[in-house]
Amino acid sequence: QAVASKLDLPDDLVGYFSLFLVRETKDGAFSFVRKLQEFELPYVSVTSLHNPEFRIILRKSYWDSSYDDDVMEHRVGLNLLYAQTVSDIEHGWILVNKEQHRQLKSLQEKVSKKEFIRLAQTLKYYGYLKFDPCVTDFPEKGCHVVVSAGNNELNFQVRLPSEQIKEGSFKVTRMRCWRVTSSVPMSNGPSGSSPGKSEVKLELAFEYLMSKDRLQWVTITSPQAIMLSICLQSMVDELMVKKSGGSIRKVRVGAGHSGALRRSDSQQAVKSPPLLDSPDASREPMAKLSVSCARAHHLRGISHSSSANDVGANDFHGNYAFEGIGDEDL
C-alpha cells in the first residue's frame, strides 16, 4: 500500500500487485526467494539479510491475463505492467522469435504500450514466473528441470539423463494436494555433529492425476520450493474467486483490510482421505526437519475414508480446484 501510494496507483488496483523478495546476480538476472506476506515489514526483511544482492520488487500477483485489462485502465497500472513485460522479455522468460521481436521493437518506438502488451500476451510463457534450474523425479529420478509457473500450471522443461530435452505441464486443477518439506541426510559422523547448512534441502511434492483413477507423486527439489508452493496456492485462490463470481478489484484495501484474495465461503476443512505413497521410496534415509503446509481436505471423486488413522493429515494442503475435475479434463 505504501508503494502504491508513492506511485499514485489507485486503491482498487493495489490487490493486483505484490512485493517479492528476489536475489539479483551480477549479470542482472534475478531469482525469486519468496512473496512478502501481509505481516512483514519489507525494509526489515531485506536489510536483515545483510547482502546487497537481495532486492524487493513489485510485480503483478495474478495469473489470468484477462485481468490485464483492469490494470491497463489506469496510467500507472499500464506503466507497471509494461515495465514488467519488457523486463521478462529481456530476461528471456517470454519466448520471442525474430519477427515478434521486430514488431515489439516497433511498438516500443511508437510508445504504444497497450499494443505492446497485447502482442506480448500472445507469446509463449507470458505471465509466467521462471525458477532456477533444479531437480525432479519425473519422468525419471534425478532429472534436471527448469520450472515455470503460470496459466494455472507448472511447466517443466526436463533434461533427461540421455541429454534429451522434453517439455510438459502439470495443471493445478489436477493436483490433489501438495506438501513442502525441508530435510537433511542422516549424519554418520560423531554424535552431536550437526550438518552444514548447505546440506539442508527443500522439496515440493504434489499428488497429480496422471490419468483416470491414477494418482502419482511428483517431487521437485529446489531452494525455491516455498515460492513454488505459494504460486500453487495463489493459482487455486484465483480459480476459486472466479468460480464464485468474485473479482480482485472488489477486494477492499485500507486500514484493517488485507489485499489478499478472498476465499470462497464454501471451502470447509474436513477429514483427509488416505494418501498415496510417494514414488521415491528408495530415497536415502532423511531426517525431516519441518513440513510447511496447511491441513488436508476431503476431495470428492477419488476416495473416501472414515479412518481415524489417516497418516500425515496435517502435512498436506488440499486443493479445492481439484474438486471440479471431470472426465473431459483427462
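Residues numbered from 1 in each chain as written. Predicted model: local features only at pLDDT ≥ 70, side-chain atom pairs only at ≥ 80, totals over all residues. Heavy atoms only, no water.

Turning our attention to the nonpolar core. Counting residues in each nonpolar core, the largest one holds 37 residues, and the members touching the most others are Leu 154, Phe 156, Leu 204, Phe 206 and Ile 220. Mapped onto this core, the elements with two or more residues apiece are strand 1 (17-24), strand 2 (30-35), strand 6 (143-150), strand 7 (153-159), strand 9 (175-185), strand 10 (201-211), strand 11 (214-221) and helix 7 (225-243). Considering each element in turn, this core owes the most residues, 8 residues, to helix 7. When residues of this core are assigned to domains, at least three fall in each of domain 1 (1-127) and domain 2 (129-185 + 200-243). When residues no more than four places from it in sequence are discounted, the contact partners of Phe 206 are Leu 154, Phe 156, Phe 170, Met 175, Cys 177, Trp 178, Gln 216, Trp 217, Val 218 and Ile 220. (Core = buried A, V, L, I, M, F, W, Y, C linked by side-chain atoms within 4.5 Å. Buried < 20%, exposed > 50% of the residue type's maximum accessible area, 1.4 Å probe, protein only. Helix = DSSP H or I, 4+ residues; strand = E, 2+ residues; numbered from the N terminus. Domains from an automatic or database assignment. Contact = heavy atoms within 4.5 Å.)

For the rest of this paragraph, the subject is the environment of Thr 136. Relative to the elements of secondary structure, Thr 136 occurs in strand 5 (residues 134-136). Residues Thr 136 and Val 218, 82 residues apart in the sequence, show an inter-C-alpha distance of 7.4 Å. Of the polar contacts made by the side chain of Thr 136, one reaches the backbone nitrogen of Phe 138; its length is 3.2 Å. Reaching out from Thr 136, the side chain makes a polar contact with the backbone oxygen of Thr 219 at a distance of 3.0 Å. (Polar contact = N/O pair within 3.5 Å; in protein donor to acceptor, adjacent residues only side chain to side chain.)

Moving on, we get to the side chain of Gln 84. Tracing the backbone shows Gln 84 in helix 4 (residues 75-90). With relative accessibility at 9%, the residue Gln 84 sits in the buried group. In this view, Gln 84 contacts Arg 59 and Lys 60; residues no more than four positions away in its chain are not counted.

You can see Ser 148 is positioned in strand 6. Relative accessible area serves as the criterion here: at 4%, Ser 148 is assigned to the buried category. When near neighbours in sequence (up to four residues on either side) are disregarded, Ser 148 contacts Tyr 128, Leu 129, Lys 130, Phe 131, Glu 153, Leu 154 and Asn 155.

Note: predicted coordinates in regions of low pLDDT should not be interpreted at a detailed level. Considering every residue of the protein chain, the mean pLDDT works out to 79; 72% of them sit at 70 or more. Highest mean pLDDT in the protein chain belongs to helix 6 (residues 113-121) (97); lowest belongs to strand 12 (residues 286-291) (45). Low confidence marks residues 250-282, where pLDDT is under 50. Its contacts with residues over four positions away, or in another chain, come to 79 contacts. (pLDDT = per-residue confidence, 0-100.)

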